[in-house]
Amino acid sequence: EKKIKIISKLFQTVFVAVYVFFLKGLDFLRHTFAVHALEKMNREGCDLYYALPILSTYLGHGSIRSTEKYLRLTFETRDSITDSMSGIYDNIFPEV
């Protein structure tokens, strides 16, 4: 009976670890896909203001807010993406 409890506990621990890893792995893939898709759209000259709803729909999200959670700027592309959006926010913050 003691061996059964040990095996049962071990099985539960392994099952939980695999389950959590699988979920986090899928989340990581979605993050990676979203970032690479945004970078590709930017390289191809897409207006990101219009591209984000398309990416959001493609990911199956009901709103852009859900998609924002998956997007992270990489160091390599930060400048090009922010520069491509500068026309949107140029007049918001005055130059100092």
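It should be noted that the structure appears before, not after, this text.
Keep in mind it's a predicted model, so treat the numbers as computed, not measured.

Trainee: I'd like a description of the overall build of the chain, backed by residues and values.
Mentor: Across its full length, the chain holds five helices and zero strands. The helix and strand sequence of the chain, counted from the amino end, reads α-α-α-α-α. Each of the 96 residues in the chain was classed as buried or not, and the buried ones make up 19%. Sequence-distant contacts, at least 24 apart, represent 54% of the contacts inside the chain between residues at least 6 apart. As displayed, the chain has an accessible area near 8200 Å², and 65% of this comes from carbon and sulfur atoms.

Trainee: Please give an account of the nonpolar core that cites residues and values.
Mentor: If you look at the biggest cluster of nonpolar residues, it comprises 10 residues: Ala34, Ala37, Leu38, Met41, Leu48, Ala51, Leu55, Leu59, Tyr70 and Leu71. For this core, the elements supplying multiple residues, two or more each, are helix 1 (2-43) and helix 2 (48-58).

Trainee: Requested: an account of the packing of aromatic side chains, with residues and values cited.
Mentor: Across all of its chains, the model carries two aromatic pairs by this definition. Residues Phe11 and Phe15 carry aromatic rings whose centres are separated by 6.4 Å and whose planes lie at 20° to one another, so their mutual orientation is stacked. Pair noted here: Phe11 and Phe15 are both in helix 1, with a separation of four residues, about one helical turn.

Trainee: Account for the pattern of salt bridges, naming residues and giving values.
Mentor: Tallying each qualifying case throughout the model produces one salt bridge. When the shortest N-O distance is used, the salt bridge between Glu44 and Lys40 registers 3.1 Å. By relative accessible area, which is 44% here, Lys40 ends up partly exposed.

Trainee: A description of helix 2 should follow, citing residues and the corresponding values.
Mentor: Looking at helix 2, one finds that the buried residues are Leu48, Ala51, Leu55 and Ser56. Projected down its long axis, helix 2 shows its buried positions confined to an angular sector of 140°, all on one face. Summarising the geometry of helix 2, the exposed residues directed more than 90 degrees from the buried face are Tyr49, Tyr50, Ile54 and Thr57. With its phi angle positive at about 85°, Gly60 sits one or two positions after the end of helix 2.

Trainee: I'd like to hear about a nonpolar patch on the surface, residue by residue, with values.
Mentor: Nonpolar side chains collect at one region of the surface, where Phe11, Phe15, Val16 and Tyr19 lie side by side and expose about 480 Å² of accessible area between them. Counting through the fold element by element, Tyr19 comes out in helix 1. By relative accessible area, which is 48% here, Tyr19 ends up partly exposed.

Trainee: Give me the lowdown on the side chain of His61, citing residues and values where you can.
Mentor: Checked against the element boundaries, His61 lands in the loop between helix 2 and helix 3 (64-68). Judged by relative accessible area, which is 16%, His61 ranks as buried. Within the local environment of His61, its side chain forms a polar contact with the side chain of Thr67, the two groups lying 2.8 Å apart. Discounting residues that sit within four places of it in the chain, His61 has contacts with Arg30, Ser56, Ser66, Thr67 and Tyr70.

What counts and how
- Position numbers for residues start from 1 in each chain and track the written sequence from start to end.
- Since the coordinates come from a predicted model, pLDDT governs what is reported: local features require at least 70, and pairs of side-chain atoms require 80 or more to be given and counted, while whole-chain, interface and lining totals use all residues.
- Calculated side-chain values reflect all of the structure's heavy atoms, with hydrogen atoms and water omitted.
- Going along the chain from the N terminus, every DSSP run of H or I of four or more residues is numbered as a helix, and every run of E of two or more is numbered as a strand.
- When a residue's accessible area, from a 1.4 Å probe over protein chains only, is under 20% of the maximum for its type it is buried; when over 50% it is exposed; and in between it is partly exposed.
- The contact criterion used throughout is that any non-hydrogen atoms of two residues lie within 4.5 Å.
- Every accessible area reported is derived by Shrake-Rupley at a probe size of 1.4 Å, with residue values counting cover from the shown protein chains alone.
- Residues enter a nonpolar core if they are buried and are Ala, Val, Leu, Ile, Met, Phe, Trp, Tyr or Cys, with the set joined through side-chain atoms within 4.5 Å.
- Within 6.5 Å between ring centres, the rings of Phe, Tyr and Trp (the latter by its six-membered ring) count as paired, and their orientation is classed by plane angle as stacked under 30 degrees, edge-to-face over 60, tilted in between.
- When a carboxyl oxygen of Asp or Glu lies within 4 Å of a side-chain nitrogen of Lys or Arg, that pair is called a salt bridge.
- Taking the helix axis as origin, the arc is that swept by the directions to the C-beta atoms.
- Put simply, a patch holds well-exposed residues, over 30% relative accessible area, that have no salt bridge, with like charges counted together within 9 Å and Val, Leu, Ile, Met, Phe, Trp or Tyr side chains within 5 Å.
- Each polar contact in these results corresponds to two N or O atoms within 3.5 Å; when the atoms are within protein, one needs to be able to donate a hydrogen and the other to accept it, and residues that are neighboring in sequence are counted only if both atoms are side-chain atoms.

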